[in-house]
Amino acid sequence: MEEKDLVRKNFLILVLSIIIAVCGLYAYLIFNPPLEVGTLASTKNEKSVVVGVGNTGLTGVEIVSVTVNNNEDPLQTKVQVSNPLQGFIITDDYYSEESTKYRFTEIEQVNIKTGTAPLSNFQNLDEGAASENDEAYGISVTFSEPINEVQITYKYLGISFEKIAVFH
């Protein structure tokens, strides 16, 4: 076999290996999306809800949009950046004195860090290992009608995903 043929063969093997690895990673991500939902809570009239979320992936998760019910835009959407010891607040007034402790932030300004899965936070609480340095994220949404579901569109490694949290 000539040296040129050997180089071409090795190059082809390398390219195919890269394609297979990328396809495998993509398939893994599609079947194991990183955003995990934990807490689901609402006010009595169900017009204000909190969806606790966390990230099981290797890099941050960026929330792109949040809609409710039949892909309707909510009146307000914020992200609470709290900790497992403090938990979340259910409110429609993100600027009250009580709400300021929960660090309400615009969704575009939050990158949900890795290692913040709700299940991990709950386990740390149970084991007494949770601290105020741990982060917990809650998506707070208010709407003019009772909220039945919250659709969260997010990006992870440049791929768009959707997570639906169903109330009821």
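Here goes a summary of the coordinates provided. (Residues numbered from 1 in each chain as written. Predicted model: local features only at pLDDT ≥ 70, side-chain atom pairs only at ≥ 80, totals over all residues. Heavy atoms only, no water.)

### Remarks on the overall build of the protein chain
Right, so step 1: Looking only at helices and strands, the protein chain features two helices and nine strands.
Right, so step 2: The secondary structure elements of the protein chain, listed N-terminal to C-terminal, are α-β-β-β-β-β-β-α-β-β-β.
Right, so step 3: The C-alpha radius of gyration of the protein chain comes to 21 Å, more than 25% above the 15 Å expected for a compact globule of 168 residues.
Right, so step 4: The proportion of buried residues among the 168 residues of the protein chain is 38%.
Right, so step 5: In the protein chain, the share of contacts with a sequence separation of at least 24, taken over all contacts with a separation of at least 6, comes to 71%.
Right, so step 6: The protein chain carries 11 positive and 22 negative side-chain charges, and their two centres are separated by 7 Å. (Helix = DSSP H or I, 4+ residues; strand = E, 2+ residues; numbered from the N terminus. Rg over C-alpha atoms; globule rule 2.2 N^0.38 Å. Buried < 20%, exposed > 50% of the residue type's maximum accessible area, 1.4 Å probe, protein only. Contact = heavy atoms within 4.5 Å. Lys, Arg positive; Asp, Glu negative; His and termini not counted. Charge placed at Lys NZ, Arg CZ, Asp CG, Glu CD.)

### With respect to the packing of aromatic side chains
Right, so step 1: For the structure on display, the rule yields two aromatic pairs.
Right, so step 2: Ring geometry for Tyr-94 against Phe-104: centres 4.7 Å apart, planes inclined by 35 degrees, an arrangement best described as tilted. Here Tyr-94 is found in the loop between strand E4 (76–82) and strand E5 (104–105), whereas its partner Phe-104 is found in strand E5, with ten residues between them in sequence. Of the two residues examined, Tyr-94 and Phe-104, each falls in the buried class. (Phe/Tyr/Trp six-rings, centres within 6.5 Å; stacked < 30°, edge-to-face > 60°.)

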